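# Geometric and topological summary
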Amino acid sequence: MIIVIFASHTNQKTAKEPTLQINLVRQMKNVLLILLIFNLHAAGQQRPNIVVVIADDHTMQAIGAYGARYGVSPNIDQLAKEGVLFNRAFVTNSICAPSRAVLVTGQFSHKNGHINNLTKFDGSQDQYQKRLQQAGYQTAWIGKWHLESTPQGFDYWEVLPGQGQYYNPDFLTMDGGQKTTEGYCTNIITNKVTDWLDQRDKSKPFSLVVGHKATHRTWMPDTADLGATDQLNITLPENFYDAYAGRTAAEDQDLSIDKTMLLGYDLKMYDDSIAALKENSISRMNTAQRNTYLAYYARIKADFDSKNLSGKALTEWKYQRYMRDYLATAISLDRNVGRLMQYLKKNNLLDNTMIVYTSDQGFYLGEHGWFDKRFMYEESMRTPMIIRYPPLARKGTVIQDLVMNLDMAPTFLQLAGVAVPESMQGKSILPLLAGEAKGDAWRTGVYYHYYEHPGEHNVYRHFGIRTSRYKLIRFYGVKNFWELYDLRHDPHEMRNLAGEMKHEKLLANLKRELQQLIRQYEDVEAAAVLDNE
Ligand code: CA
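Because the structure is predicted, anything quoted here is derived from the model rather than measured. (Residues numbered from 1 in each chain as written. Predicted model: local features only at pLDDT ≥ 70, side-chain atom pairs only at ≥ 80, totals over all residues. Heavy atoms only, no water.)

## Quick word on the overall build of the protein chain
Selection rule: Helix and strand assignments follow DSSP, with helices taken as H or I runs no shorter than four residues and strands as E runs no shorter than two, numbered in order from the N terminus. Computation of the radius of gyration draws on C-alpha atoms alone. For the globule rule, the value is 2.2 Å times the number of residues to the power 0.38. Throughout, a contact is declared for two residues whenever any of their heavy atoms are within 4.5 Å. To measure how exposed things are, a 1.4 Å probe is used in the Shrake-Rupley method; for residues, cover is taken only from the protein chains shown.
Counting its secondary structure elements, the protein chain contains 17 helices and 16 strands. Taking 533 residues into account, the globule formula puts the C-alpha radius of gyration at 24 Å, and the protein chain, at 23 Å, falls close to it. In terms of principal-axis extent, the alpha carbons of the protein chain reach across some 70 × 65 × 40 Å. If you take every contact in the protein chain between residues at least 6 apart in sequence, the share linking residues at least 24 apart comes to 69%. Total accessible area on the protein chain is roughly 20,900 Å²; 50% of this is exposed by carbon and sulfur atoms.

Structure follows, in structure tokens:
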């Protein structure tokens with residue numbers, strides 16, 4: 001079986017055909033890696049367990065391990081100290097449900113068919129948990145699922161309907177029912193996770209996904225955390241007042257804190273409690289929750305009204321309020337990561353379990369004046385990815401190689417000693433964890449394609465390539481244009497170089513690389529756009 005894995009990986013299509021010499025070196029490294037996994041399996045240990053904690057919209061800028069200074073992520077930071085932090089991890093399509101579809105299928109959106117939040121995931125297709133289940137793993141997904149169709153390939157699932165609710169959330173259950181659990185969503189999901197872990201068949205390895213709703217809009221903190229971030233005075237990002245010169249899509253978007261973010265719905269500045277109760281998220285609260293919650297925001301509303309803000313002062317007040325709610329919501333998320341880690345430690349599961357902390361994508365915390373995601377720009381294309389797995393990964397390592405959420409499914413299969421099918425388009429990142437592949441030999445560029453237009457927030461359809469230094473984006477549909485960024489000199493993507501004569505050669509080279517990826521990944525829609533140039 002181990003040899004089968006080896007064969008499937010050397011047969012993977014790559015953009016550039018490696019020379020024989022490189023190929024031999026790679027094969028030797030693969031052999032070493034496989035021997036390592038073989039030894040792990042042969043040492044009488046059970047096959048490794050796999051736990052994926054996937055948050056929603058939890059972005060790197062909020063996480064201490066990625067440089068944030070808000071102090072709201074001690075448990076995730078600790079995980080990074082004990083594991084490996086991927087500094088250049090990307091999603092292939094920065095929006096909620098499509099990202100989860102990529103996670104389970106190991107295929108880009110154009111292959112798994114779930115291109116936007118409006119389509120329904122075809123659960124009959126191949127997914128990593130189905131293969132793990134067939135190989136004797138116990139599989140479960142608990143929490144936010146968002147793929148609308150019934151989860152398949154799981155021995156157990158209990159998921160939020162659609163986006164789910166922060167307070168007293170409903171859960172869809174395997175018997176076809178729907179039941180409400182009282183409490184705060186992030187805590188409840190962890191309770192359900194540990195309940196499932198308690199009753200699982202302990203003679204089998206398990207593969208578990210913990211799907212959190214936090215920190216999705218509208219950033220509703222646990223009542224226990226209301227006010228916890230109010231002392232923070234958050235510095236405006238340096239491009240908060242971006243005027244979008246030379247960037248048409250950025251100019252035309254509808255996801256700004258200034259114009260799009262709502263004082264009532266988003267920031268809870270309700271005229272009175274009757275207005276508040278029009279929100280389902282609040283009317284479903286019990287009396288104690290509602291009293292605490294509304295009293296907190298009523299105090300803020302009174303202060304806000306007394307200030308009578310307008311213009312920039314109002315926008316900046318909205319930004320502070322947004323950040324305080326977002327970060328307070330993230331506190332519970334982090335606390336529950338800590339709870340899960342404590343459970344795994346107490347049950348002696350830490351040494352033989354791969355623990356992945358990630359999000360379905362990044363998010364704007366005021367960069368370019370925005371909230372939300374969708375764009376191929378760094379803040380939303382990147383995603384946190386921290387992996388703890390002591391048998392392979394050296395603790396405290398930071399990896400700069402380009403990885404994608406697309407790589408997760410093949411990684412888990414290889415870890416379990418299960419063959420990775422050719423149809424999966426990602427690559428197992430176990431060689432990176434083992435310190436065995438670096439730089440261009442691993443991957444020279446990642447591919448991205450966003451589809452949800454026309455749609456909420458008015459972000460045009462686009463696709464592109466991100467290399468270790470450059471990014472080339474092609475917007476298409478309503479308006480057609482290129483954007484080119486030199487991330488070394490312009491990390492915040494403020495200056496579009498696509499129209500500048502002196503960058504013509506660079507543009508042409510990147511277009512060629514992009515074409516190669518489109519061919520390699522068989523993206524028909526993108527190919528048609530470029531054919532019609
Ligand atoms: Ca999301």
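## Here we look at the coordination of the calcium ion
We apply this condition: The rule for donors is simple: an N, O or S atom within 2.8 Å of the metal counts, and for Na, K and Ca the reach is 3.2 Å. Water is not among the atoms, so a site may look short of donors. Angle rules define the geometry names used: all angles between 85 and 135 degrees makes four donors tetrahedral, while opposite donors over 155 degrees apart and all other angles between 65 and 115 make four donors square planar and six octahedral, leaving every other case irregular.
Within the protein, the atoms that donate to the calcium ion are Asp 56 (OD), Asp 57 (OD), Cys 96 (SG), Asp 360 (OD), Asp 360 (OD) and Gln 361 (OE1), at distances of 2.2 to 2.7 Å. For the calcium ion, the 6 donor atoms in the first shell make angles of 51 to 164° at the metal, a pattern classed as irregular. Taken in chain order, the donor set of the calcium ion reads D-D-x38-C-x263-D-Q. Placement of the pair is Asp 56 in the loop between strand S1 (49-55) and helix H3 (74-82) and Asp 360 in the loop between strand S9 (353-359) and helix H13 (378-381), with a sequence separation of 304 residues.

## Examining the side chain of Lys 130
Note the following rule: Only protein chains enter the accessibility calculation, which uses a 1.4 Å probe; a residue is then buried when its area is under 20% of its type maximum, exposed when over 50%, and partly exposed in between. Note on charges: Lys and Arg go in the positive column, Asp and Glu in the negative column, and His and the chain ends are not counted at all. Every case where a carboxyl oxygen of Asp or Glu lies within 4 Å of a side-chain nitrogen of Lys or Arg is listed as a salt bridge. Whenever two N or O atoms come within 3.5 Å, that pair is a polar contact, provided that in protein one can donate a hydrogen and the other can accept it, and provided that, for residues adjacent in sequence, both atoms are side-chain atoms.
Following the sequence through the fold, Lys 130 ends up in helix H6 (residues 128-134). For the buried Lys 130, which has no salt bridge, the nearest side chain bearing the opposite charge is Asp 126, at an N-O separation of 6.5 Å. Within the structure, the side chain of Lys 130 is placed 2.9 Å from the backbone oxygen of Gln 125, a separation counted as a polar contact. Setting aside its immediate chain neighbours within four residues, Lys 130 contacts Gly 123, Ser 124, Gln 125, Gln 152 and Gly 153.

## Comments concerning the packing of H3 against helix H12 (residues 311-346)
In plain terms, the rule: For helices, the fitted axis covers only the stretch in contact; all axes are lines through C-alpha atoms, and the angles between them, taken along N-to-C directions, range from 0 to 180 degrees. Any angle between 65 and 115 degrees counts as roughly perpendicular, while under 35 counts as roughly parallel, over 145 as roughly antiparallel, and the rest as oblique. Following the grouping adopted for this structure description, the nonpolar residues are Ala, Val, Leu, Ile, Met, Phe, Trp, Tyr, Cys and Pro, the charged ones are Asp, Glu, Lys and Arg, and the polar ones are all others, Gly among them.
Viewed as axis vectors pointing N to C, H3 and H12 meet at an angle of 50°, and their least axial separation amounts to 7 Å. As judged from the angle between their axes, H3 and H12 are oblique. Counted together, Pro 74, Asn 75, Ile 76, Leu 79 and Glu 82 of H3 and Asp 334, Arg 335, Val 337, Gly 338 and Met 341 of H12 form the full contact between these two elements. A breakdown of the residues in the contact of H3 with H12 according to their chemical character gives 5 nonpolar, 2 polar and 3 charged.

## Section: unusual backbone geometry
The amide bond that connects Ala 214 to the next residue, Thr 215, takes the cis arrangement and shows omega of 5°. Note on placement: Thr 215 falls in the loop between strand S8 (206-211) and helix H8 (248-252). In this structure, Thr 218 follows Arg 217 across a cis peptide bond, with omega equal to 15°. Note that Thr 218 resides in the loop between S8 and H8. In this structure, Asn 308 takes a positive phi of about 50° despite not being glycine. The backbone of Glu 522 shows a phi angle near 60°, a positive value even though the residue is not glycine. By the secondary structure assignment, Glu 522 is in the loop between helix H16 (504-521) and helix H17 (524-531). Note on Glu 522: relative accessible area 41%, which makes it partly exposed.

## Notes on the packing of aromatic side chains
Stated formally: By convention, a stacked pair of Phe, Tyr or Trp rings (six-membered ring in the case of Trp) has centres within 6.5 Å and planes under 30 degrees apart, an edge-to-face pair has planes over 60 apart, and any other such pair is tilted.
Inspection of the entire model under this criterion finds 31 aromatic pairs. On the basis of an interplanar angle of 50° and a centroid distance of 4.4 Å, the ring pair of Phe 108 and Tyr 521 is categorised as tilted. Taken together, the residues Phe 108 in the loop between helix H4 (96-105) and helix H5 (109-112) and Tyr 521 in helix H16 connect sequence positions 413 residues apart. The class for Tyr 521 is buried, based on a relative accessible area of 4%.

## Re the sheet that holds strand S13 (residues 445-450)
Here is the rule we go by: Only strands joined by at least two bridges in the DSSP assignment are considered to pair.
Spatially, 4 strands are ordered S13-S14-S15-S16 in an open sheet, and the strand pairing comes out antiparallel. Every interior strand has two partners, whereas the edge strands, S13 and strand S16 (481-486), have only one. Neighbour-to-neighbour, the strand axes of this sheet turn through a mean angle of 15°, independent of strand direction. Examined bridge by bridge, S13 and strand S14 (residues 461-467) share 6 bridges and lie antiparallel to one another.

## What about the domain arrangement of the protein chain?
Convention followed: Bear in mind that the domain bounds are from an automatic or database domain assignment. Defined here as a combined quantity, buried area equals the accessible surface (1.4 Å probe) lost by two parts on assembly, summed across both.
You can read the domains of the protein chain as domain 1 (3-219 + 333-443) and domain 2 (448-531). Each partner contributes to the interface: domain 1 provides 32 residues, whereas domain 2 provides 31 residues. Between domain 1 and domain 2 lies a buried interface of about 2,800 Å² when both sides are counted; carbon and sulfur atoms form 56% of it. The largest share of the area that domain 1 buries against domain 2 comes from Arg 374, Met 376 and Tyr 377, three residues that together contribute 27% of it.

## Concerning the environment of Lys 345
Structurally, Lys 345 is set in helix H12. Taking the C-alpha atoms as reference points, Lys 345 and Ile 142, separated by 203 residues in sequence, lie 20 Å from one another.

## Section: the pairing of strand S10 (residues 385-388)
The side chains of a regular strand alternate between both faces of the sheet. Side chains Met 385 and Ile 387 project from S10 onto one buried face, and the interleaved Ile 386 and Arg 388 project onto a second face that is buried too. Summarising the sheet, strand S2 (residues 84-86) and S10 pair through 3 bridges and their orientation is antiparallel. Residue Val 84 lies in a different strand from S10, and its bridge partner there is Ile 387. Bridge count between S9 and S10: 4 bridges; the pairing is antiparallel. Residue pairing across strands places Val 356 opposite Ile 387, the latter belonging to S10.

## Focus on helix H7 (residues 185-199)
Rules: The span expected for a helix works out to 1.5 Å for each residue beyond the first.
Look at H7: 21 Å from first C-alpha to last across 15 residues, which is about the 21 Å you get at 1.5 Å a residue. Along H7, the residues that are buried comprise Cys 185, Thr 186, Ile 188, Ile 189, Thr 190, Lys 192, Val 193, Thr 194, Trp 196 and Leu 197. The elements touched by buried residues of H7 are strand S4 (138-144), strand S5 (156-160), strand S6 (170-172), strand S7 (178-180), S8 and H12.

## Let's talk about the nonpolar core
The nonpolar side chains of a soluble globular protein tend to be buried, and buried together. Put simply, the rule reads: What we call a nonpolar core is a set of buried Ala, Val, Leu, Ile, Met, Phe, Trp, Tyr and Cys residues that are connected through their side-chain atoms within 4.5 Å.
By size, the foremost hydrophobic cluster in this structure holds 69 residues, and its most contacted members are Leu 197, Leu 208, Tyr 293, Tyr 322, Leu 344 and Tyr 357. The element contributing the most residues to this core is H12, with 13 residues. Here Leu 197 is in contact with Lys 202, Phe 206, Leu 208, Leu 340, Tyr 343 and Leu 344, once residues within four sequence places are set aside. Listed in part, the 49 residues of the second largest apolar core include Phe 90, Ile 465, Phe 475 and Ile 518.

## Observations concerning the pattern of salt bridges
Scanning the model with the defined rule gives 33 salt bridges in all. Asp 126 is the salt-bridge partner of Arg 131, the closest N and O atoms lying 2.9 Å from each other. By relative accessible area, Arg 131 is classed as partly exposed at 27%. Its salt-bridge partner being Lys 479, residue Asp 252 comes within 2.5 Å of it at the nearest N-O pair. Of this pair, Asp 252 sits in helix H8 while Lys 479 sits in the loop between strand S15 (470-476) and S16, and the two are 227 residues apart along the sequence. Residue class for Asp 252 comes out partly exposed when judged on its relative accessible area of 23%. Given the relative accessible area of 32%, Lys 479 is considered partly exposed.

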